[in-house]
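# Results of the structural survey
Residues per chain, in single letters:
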Amino acid sequence: MIREILTIGHPVLRRRAREITRDELAGAPVQQLIDDLIDTMRNANGAGIAANQVGETLRVTVIEVNNNPRYPYKPQIPLTVVINPVIEALDDETFMVNEGCLSVPNLRGEVSRFVSVRVRYLDREGNAHDEIKRGLTAGTFQHECDHLDGTLFVDRVSDPTTFSTWEQFERFHRAAFIERISRFVERVGS
Ligand code: ZN
């Protein structure tokens, strides 16, 4: 079921979501929430969505990039259901990336993200994963995990002059950004 996506200003986006127990994960309500997150993300052409964004303070986010029209430069990410993630930077290396968010309509901005992260999580069947993510994919995981701690990308925009509507991004900034980020993707992979 497609759910309403809550927007910046709604207090639930600023709450820390809580861990899901294994019993809860196996139960129908959480499995339904996962299905709803997938439907809602795909309907909105999002690269990911976290439970807070549909009003649930549980640590679950879903991520998928598949020829995404909102972010055509992003490397593909197969559908990934991420429960109780623990994310940590592997080193200090960061990169600047232009982000948007389904909960922050019509705004983009430049944020700093770690290039390499280790992420440990459970999938929807309860299997444990321990993976390294790099580049734009690492950035996507950081953005979604931030949601579960009540953090939005706008909090991480250090230079407010980079804020842009999607229309003005397309007109004035997209070409230079795509050139820069394509070189980055070639260098670090994803
Ligand atoms: Zn977001």
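Everything in this summary refers to the structure shown in the same document. From a predicted model like this one, the values you see are computed outputs, not experimental measurements.

### A short note on the overall build of the protein chain
When its secondary structure is counted, the protein chain shows 4 helices and 7 strands. What you see for the protein chain is a C-alpha radius of gyration of 16 Å, in line with the 16 Å of a compact globule of 190 residues. A principal-axis box enclosing the C-alpha atoms of the protein chain has dimensions of 50 × 30 × 30 Å. Counting every position in the protein chain, which comprises 190 residues, the buried fraction comes to 52%. Expressed as a percentage of contacts within the protein chain between residues at least 6 apart in sequence, the contacts between residues at least 24 apart total 68%.

### Things to note about the coordination of the zinc ion
Geometry sets the ideal angles at a metal, namely 109.5 degrees for four tetrahedral donors and 90 or 180 degrees for six octahedral donors. At 2.1 to 2.3 Å from the zinc ion lie its protein donor atoms, namely Cys101 (SG), His143 (NE2) and His147 (NE2). The sequence pattern formed by the donor residues of the zinc ion is C-x41-H-x3-H. With His143 and His147 both in helix H3 (residues 135–148) and 4 residues apart, this pair spans about one turn of that helix. For His147, a relative accessible area of 1% gives the class buried.

### Describing the nonpolar core
Membership of the largest hydrophobic core comes to 27 residues, with the highest contact counts inside it found for Phe95, Val97, Phe153 and Ile181. Secondary-structure elements contributing two or more residues to this core are strand E2 (60–65), strand E3 (77–89), strand E4 (94–101), strand E5 (104–114), strand E6 (116–122), H3 and helix H4 (166–188). Take this core: its biggest share by element is 6 residues, from H4. Each residue touching Phe95, except ones within four places of it in the same chain, is listed here: Val111, Ser112, Arg113, Phe114, Val115, Gly135, Leu136, Gly139, Ile181 and Phe184. Counting residues in each nonpolar core, the second largest holds 18 residues, with Leu25, Val62, Leu102 and Leu122 among its members.

### Some details on H4
Its 23 residues place the ends of H4 only 26 Å apart at the C-alpha level, less than the 33 Å of an ideal helix rising 1.5 Å per residue. Its maximal kink placed at His173, H4 deviates by approximately 70 degrees. The set of residues buried in H4 consists of Trp166, Phe169, Phe177, Ile181, Phe184 and Val188. In this structure, the buried residues of H4 make contact with E4, E5, strand E7 (128–134) and H3. Just past H4, the residue Gly189 takes up positive phi, approximately 70 degrees.

### Re the pattern of salt bridges
In this structure the tally under the stated criterion is 21 salt bridges. With a closest N to O distance of 3.6 Å, Arg187 and Glu93 form a salt bridge. Of the two residues, Arg187 is situated in helix H4 and Glu93 in the loop between E3 and E4; the sequence distance between them amounts to 94 residues. The class of Glu93 is partly exposed, set by a relative accessible area of 34%.

Parameters and conventions
- Residues numbered from 1 in each chain as written.
- Predicted model: local features only at pLDDT ≥ 70, side-chain atom pairs only at ≥ 80, totals over all residues.
- Heavy atoms only, no water.
- Helix = DSSP H or I, 4+ residues; strand = E, 2+ residues; numbered from the N terminus.
- Rg over C-alpha atoms; globule rule 2.2 N^0.38 Å.
- Buried < 20%, exposed > 50% of the residue type's maximum accessible area, 1.4 Å probe, protein only.
- Contact = heavy atoms within 4.5 Å.
- Donors = N, O, S within 2.8 Å, 3.2 Å for Na, K, Ca; no water.
- Core = buried A, V, L, I, M, F, W, Y, C linked by side-chain atoms within 4.5 Å.
- Expected span 1.5 Å × (residues − 1).
- Bend = angle between axes of the 7 residues up to and from the residue.
- Salt bridge = Lys/Arg side-chain N within 4 Å of Asp/Glu carboxyl O.

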